[in-house]
Amino acid sequence: MYVPKHFAPEEAAVLDLLANHGAADLVTATPRGLLATLLPFEYDPDSGELGSLLGHMARANDHWREPAQGEAMVIVRGPEAYITPSWYATKAENHRVVPTWNYVVAHVYGQLVVHDDPAWVEAQMRRLTDRHESGNAEPWSVDEAPAKYVEGRLRAVVGVEVLISRVEAKFKLSQNQPRRNVEGVVAGLGARDRDHDAALAAAVRAHNPDRAAP
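Given the structure is predicted, the values throughout are model-derived calculations rather than measurements.

### Topic: the sheet that holds strand S6 (residues 100-115)
- Read across the sheet, seven strands follow the order S2-S1-S5-S6-S7-S4-S3 without closing on themselves; strand pairing throughout is antiparallel. Because the sheet does not close on itself, it has two edges, and the strands there are strand S2 (33-40) and strand S3 (42-44). With strand direction ignored, the average angle separating the axes of adjacent strands in the sheet is 35°.
- Both S6 and strand S7 (residues 157-172) contribute to a ladder of 13 bridges, which runs antiparallel. Pairing of Tyr109 across the sheet is with Arg166, part of S7.
- Sitting on the sheet, helix H1 (residues 11-20) is in contact with S3, strand S5 (72-83), S6 and S7, with an inclination near 145° to S7.
- Strand contacts of helix H5 (residues 179-192): S5 and S6, with the helix running at about 85° to S5, the strand carrying the most contacts.

The structure is reproduced here in structure tokens:
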């Protein structure tokens, strides 16, 4: 991944992204060519030297059956959005501005391990469900579903784990802009209020502590 120095995040920010992202793309090189599947993952920091990403996919999906050639890659994304140059204060001074895209992303590499084990999958499902239900007023639990139904669903999926060997991350959040342009981006995102805009504005503020108003 191309990562200019000013877009290189601190390790703590990358770990937070891994722990709190939504779904991500699992990509592997196989004898059939590149295969990709969008999956919700859970980050386990205690598995292996650098942790692992835990997920599951449909048994009917041939992706898990195809042997991975070399490392697997998981593309983990945070908030992202189009940035209009109209938000830059410097536009009024010289018009030497262009649109861009702000985003948070990590490429996670590692060994793909398949877990064709209902007990492993159930534990992963419960962990994933509990995290995403935690913010609800009345969190749903796997135990609310009939046991026989859950057993059937478990037989329909297989577990996948990526044992992390390295992570390349890029947080492109206007760090290359002067303070007045950063403040314009934060204000513009707040006023526009599209999907991810609020989260992206918070990320821009967090990664420009000396150039963005709190």
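### With respect to the pattern of salt bridges
- Per the counting criterion, the structure on display carries 15 salt bridges.
- Residue Asp143 is joined to Arg126 by a salt bridge in which the shortest nitrogen-to-oxygen separation is 2.7 Å. Of the two residues, Asp143 sits in the loop between helix H3 (118-133) and helix H4 (147-155) while Arg126 sits in helix H3, which places them 17 residues apart along the sequence.
- Judged by its relative accessible area of 57%, Asp143 falls in the exposed class.
- By relative accessible area, which is 26% here, Arg126 ends up partly exposed.
- Two residues, Glu168 and Arg166, come together in a salt bridge whose shortest N-O distance is 3.2 Å.
- What makes Arg166 partly exposed here is its relative accessible area of 33%.

### Quick notes on the packing of aromatic side chains
- Inspection of the entire model under this criterion finds one aromatic pair.
- Considering the side-chain rings of Tyr82 and Trp101, the 6.3 Å spacing of their centres and the 65° angle between planes classify their relative orientation as edge-to-face. Separated by 19 residues along the polypeptide, Tyr82 in strand S5 and Trp101 in strand S6 bring together distant segments of the chain.
- The exposure class of Trp101 is partly exposed, given its relative accessible area of 41%.
- It is Arg166 that lies over the ring of Tyr109; its NZ or CZ is 3.8 Å from the centre.

Cut-offs used in this document
- Residues numbered from 1 in each chain as written.
- Predicted model: local features only at pLDDT ≥ 70, side-chain atom pairs only at ≥ 80, totals over all residues.
- Heavy atoms only, no water.
- Pairing = 2+ DSSP bridges.
- Helix = DSSP H or I, 4+ residues; strand = E, 2+ residues; numbered from the N terminus.
- Axes fitted to C-alpha atoms, helices over the stretch in contact; angles between N-to-C directions.
- Contact = heavy atoms within 4.5 Å.
- Salt bridge = Lys/Arg side-chain N within 4 Å of Asp/Glu carboxyl O.
- Buried < 20%, exposed > 50% of the residue type's maximum accessible area, 1.4 Å probe, protein only.
- Phe/Tyr/Trp six-rings, centres within 6.5 Å; stacked < 30°, edge-to-face > 60°.
- Lys NZ or Arg CZ within 6 Å of the ring centre and 35° of its normal.

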